[in-house]
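# Examination of the molecular architecture
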Amino acid sequence: AQRVTQPEKLLSVFKGAPVELKCNYSYSGSPELFWYVQYSRQRLQLLLRHISRESIKGFTADLNKGETSFHLKKPFAQEEDSAMYYCALSGASGTYKYIFGTGTRLKVLA
Amino acid sequence: EAGVAQSPRYKIIEKRQSVAFWCNPISGHATLYWYQQILGQGPKLLIQFQNNGVVDDSQLPKDRFSAERLKGVDSTLKIQPAKLEDSAVYLCASSRPLGSYEQYFGPGTRLTVT
């Protein structure tokens, strides 16, 4: 079955501490992986995708095909990082159907 | 560029009533998606259009939900009759032609069924 698992509903860290939001996936084939973020009272928006291999707002994510994981990391959390984070995958061909995880709420404490 | 527009933003109805949501995607975006997001869960894809054709509606409860995208631009999603479990935020998203993966989301419509 195709699915995305985010095991933590809530992750609280102190400002300046490292952050790792976990994402594991199950997919037959080679999916594209994404992280979307929703800040308070804002729309869901793309944070980063694995094919671009870029760092956005200090966040990075590496696709580990062996462990079927796509964890989101940031070395030093900032208060403005507090938001809801969703991991998602899309088939690399065909319908490009998206599957979202249940999300992790990140709270960065002062 | 203007973002994805949705209306209404909030709707409260009684069970067994009908409701319709409207979405206007970003100009030039050929692909349009409707998602259902129940509290505490991630968005679940209901239907995906490419221009005015349906690409995927495998998770759309077709006995009560319907959607159309006339002329390949605006789209409406209808629920008839509504059930209590339909209470959720309904999100519309759009993206450029198939193969471009970034989706742009609208603000959503919060539906409460009493």
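You'll find the structure just up there.
Residues numbered from 1 in each chain as written. Chains lettered and ligands numbered in written order. Predicted model: local features only at pLDDT ≥ 70, side-chain atom pairs only at ≥ 80, totals over all residues. Heavy atoms only, no water.

Let us now look at the sheet that holds strand β3 (residues 19-24) of chain B. Residue and element names in this part refer to chain B. Here we have four strands laid out as an open sheet, ordered β1-β3-β8-β7, and antiparallel in their pairing. Since the sheet does not close on itself, it has two edges, and those belong to β1 (5-7) and β7 (65-68), each with one partner. Shown here is a sheet whose adjacent strand axes are inclined to one another by a mean of 15 degrees, direction ignored. (Pairing = 2+ DSSP bridges. Helix = DSSP H or I, 4+ residues; strand = E, 2+ residues; numbered from the N terminus. Axes fitted to C-alpha atoms, helices over the stretch in contact; angles between N-to-C directions.)

What follows covers the sheet that holds strand β7 (residues 60-61) of chain A. Here we have three strands laid out as an open sheet, ordered β3-β8-β7 (chain A), and antiparallel in their pairing. The outermost strands of the open sheet, each flanked by one partner alone, are β3 (19-21) and β7 of chain A.

A few words on the packing of aromatic side chains. A complete count under the given rule lists 15 aromatic pairs over all chains for this structure. Taking the centre distance of 5.1 Å and the plane angle of 25 degrees together, the rings of Phe34 of chain A and Tyr98 of chain A count as stacked. With a gap of 64 residues between them, Phe34 of chain A in strand β5 (residues 32-38) and Tyr98 of chain A in strand β10 (residues 98-100) connect regions that are remote in the sequence. Overall, Phe34 of chain A belongs to the buried group, its relative accessible area being 1%. Summarising the aromatic geometry, the rings of Tyr36 of chain A and Phe105 of chain B are spaced 5.8 Å apart at their centres and angled 85 degrees between planes, so their arrangement reads as edge-to-face. (Phe/Tyr/Trp six-rings, centres within 6.5 Å; stacked < 30°, edge-to-face > 60°. Buried < 20%, exposed > 50% of the residue type's maximum accessible area, 1.4 Å probe, protein only.)

Once that is clear, we can look at the interface of chain B and chain A. With 22 residues of chain B at the contact, the number on the chain A side is 21 residues. Both sides of the chain B and chain A interface together cover about 1800 Å² of buried area, and 55% of this is carbon and sulfur. Where chain B meets chain A, there are zero salt bridges. Contributing elements (two or more residues each) for the side of chain B that touches chain A: β4 (31-37), β5 (44-50) and β6 (53-56) of chain B. (Contact = heavy atoms within 4.5 Å. Buried area = accessible area lost by both parts, 1.4 Å probe. Salt bridge = Lys/Arg side-chain N within 4 Å of Asp/Glu carboxyl O.)

Right, let's talk about the pattern of salt bridges for a bit. The tally for this structure, following the rule as stated, stands at five salt bridges over all chains. Residue Glu20 of chain A pairs with Lys73 of chain A through a salt bridge whose shortest N-O separation is 3.7 Å. Separated by 53 residues along the polypeptide, Glu20 of chain A in strand β3 and Lys73 of chain A in strand β8 (residues 72-74) bring together distant segments of the chain. Two residues, Arg64 of chain B and Asp86 of chain B, come together in a salt bridge whose shortest N-O distance is 2.5 Å. Here Arg64 of chain B, found in the loop between β6 and β7, pairs with Asp86 of chain B, found in the loop between β8 (75-79) and β9 (88-95); they are 22 residues apart in sequence, far enough to count as distant. For the pair Arg64 of chain B and Asp86 of chain B, a shared accessibility class is recorded, and that class is buried. Through salt bridges with shared partners, a single network forms among Glu20, Lys22 and Lys73 of chain A.

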